[in-house]
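# Geometric and topological summary
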Amino acid sequence: MDREFYVASQDRDGGILRCAIDAQGCVRQRDFYPLDRVAWLASAGNRLYALMREPFMMQSGIAEFETGADGKLRRKGEIMPVHGTVAAHLLPWKGRLYSANYLSGTVTLMPDRLIAFGGRGPDPRQECSHPHCTVPAPDGKHVCICDLGADRIYVCTPELERVSELEFKAGSGPRHMLFSKDGRFAWCSLELCSETAALEYSGGRLELRHRYSTLPDGFGGENSAAAIRMSADGKTLYVSNRGHGSVCVYNVDGAELSPAGWVRCAQGASLREINIVGDWLLCADETGNMIYVFRAGDCVGAEPVSRFAVKRPWSILPG
């Protein structure tokens, strides 16, 4: 049976692609919805939200769609301003909608509650705060905010009041994170040092347990870690590399990780986004304008099952 998913294209002539992948791993496009420079896709119920880089003067915005039973998207209302610059991530949660505004160092609780963050790090990309994602904590009481610029993860109330923070070694650059099914553990991709952090969560606080490299021994080129995803059974963690052109695959045991190997796409591929759709691992190369398809359970060292051309793919959302 075909599995549907959506792809955000960051190209000026881009938008949202509605696609399907079949039992052989072949992808075909079913629909296209033009939008200027879509950076992230998120959904809640029958609503899909598309984060646009700059629909307003120096300001990002959100386009809302209704998803029909047939998977088709129907536009709802006008584009909503997020009151921030170069927004990078959206979170719909419990009837709320959060936007992480990377360049302006703010997070917006839509429509207009704006919280500014501070701090900086030693890397040239850390000249100020850069919130990169917002993730709901498993207790349902908190939201976690990864700040790449300040080397911190903030734990906040749903109204964005700070409860606690976890500070990383300077120059780490926390980007994206996810939690284990039981809510005890979390993992975060550390973009600037190409590592994965294993964390423990309890009572609104995060504690660092371990750090693991996303790169094989001996690699000396430029690289940054990016997307982080978990298999449906919670036993395998995937973290993408921009530069090495790979996905580091870890076996998961509690909070502990052990490298199982790497999925290689193309030399120098910039894998901004990866996601799992059914049995398939989809790897989006933003500079190579390509999505590589692998069988998720048998991807280490394997060749791609198929390839699908997309202009500047930035986000993949299972249907």
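Residues numbered from 1 in each chain as written. Predicted model: local features only at pLDDT ≥ 70, side-chain atom pairs only at ≥ 80, totals over all residues. Heavy atoms only, no water.

### Let's talk about the side chain of Glu273
Tracing the backbone shows Glu273 in strand β24 (residues 271-277). For Glu273, a relative accessible area of 1% puts it in the buried group. (Helix = DSSP H or I, 4+ residues; strand = E, 2+ residues; numbered from the N terminus. Buried < 20%, exposed > 50% of the residue type's maximum accessible area, 1.4 Å probe, protein only.)

### Comments concerning the sheet that holds strand β12 (residues 131-136)
Strand order in the open sheet made by the 4 strands is β12-β13-β14-β15, with antiparallel pairing throughout. Looking at the sheet topology across the chains shown, the edges are occupied by β12 and β15 (162-167). Taking each pair of neighbouring strands and ignoring which way they run, the sheet shows an average axis angle of 20°. By the bridge criterion, 5 bridges tie β12 to strand β13 (residues 143-147) in an arrangement that is antiparallel. Paired with Cys133 across the bridge in β13 is Cys146. (Pairing = 2+ DSSP bridges. Axes fitted to C-alpha atoms, helices over the stretch in contact; angles between N-to-C directions.)

### Considerations on the packing of aromatic side chains
Using the criterion set out here, one finds 4 aromatic pairs in the structure. The aromatic ring of Tyr154 is capped on one face by Arg162, whose charged end is 4.5 Å from the ring centroid. Across the ring face of Trp314, the terminal group of Arg272 is positioned such that the distance to the ring centre comes to 3.6 Å. (Phe/Tyr/Trp six-rings, centres within 6.5 Å; stacked < 30°, edge-to-face > 60°. Lys NZ or Arg CZ within 6 Å of the ring centre and 35° of its normal.)

### What about the nonpolar core?
Grouped together as the largest cluster of nonpolar side chains are 18 residues, with contacts concentrated most on Cys144, Ile153, Met177, Phe179, Cys188, Leu199 and Leu206. Where this core is concerned, the elements lending two or more residues are β12, β13, β14 (152-156), β16 (174-179), β17 (185-190) and β18 (195-202). Listed in part, the 17 residues of the second largest apolar core include Ala227, Val249, Leu281 and Cys299. (Core = buried A, V, L, I, M, F, W, Y, C linked by side-chain atoms within 4.5 Å.)

### Section: the side chain of Arg242
One can find Arg242 in strand β21 (residues 236-242). Reaching out from Arg242, the side chain makes a polar contact with the side chain of Glu286 at a distance of 3.2 Å. When residues no more than four places from it in sequence are discounted, the contact partners of Arg242 are Arg125, Arg175, Glu191, Glu222, Asn223, Ser224, Ala226, Ala269, Ser270, Leu271, Arg272 and Glu286. (Polar contact = N/O pair within 3.5 Å; in protein donor to acceptor, adjacent residues only side chain to side chain. Contact = heavy atoms within 4.5 Å.)

### Quick look at the sheet that holds strand β3 (residues 27-34)
Sheets are built from strands paired through backbone hydrogen bonds, the pairs being either parallel or antiparallel. One open sheet holds the 4 strands; their spatial order is β3-β2-β1-β28, and the pairing between them is antiparallel. The open sheet has two edge strands, β3 and β28 (313-318), and neither has a second partner. Shown here is a sheet whose adjacent strand axes are inclined to one another by a mean of 25°, direction ignored. Looking at chain direction, strand β1 (residues 3-9) and strand β2 (residues 15-21) are connected through 6 bridges and run antiparallel. What sits directly across from Tyr6, in β2, is Arg18.

### Section: unusual backbone geometry
Across the junction of Met110 and Pro111, the peptide omega takes the value 15°, indicating a cis bond. Inspection of the secondary structure assignment puts Pro111 in the loop between β10 (106-109) and β11 (113-116). Its identity is not glycine, yet His83 carries a phi of approximately 60°, on the positive side. Mapped onto the fold, His83 is located in the loop between β7 (73-81) and β8 (87-93). Here the phi dihedral of Arg312 falls at roughly 45°; this positive angle occurs in a residue that is not glycine. With respect to the helices and strands, Arg312 occurs in the loop between β27 (306-309) and β28. Looking at Arg312, the relative accessible area reads 32%, which means it is partly exposed.

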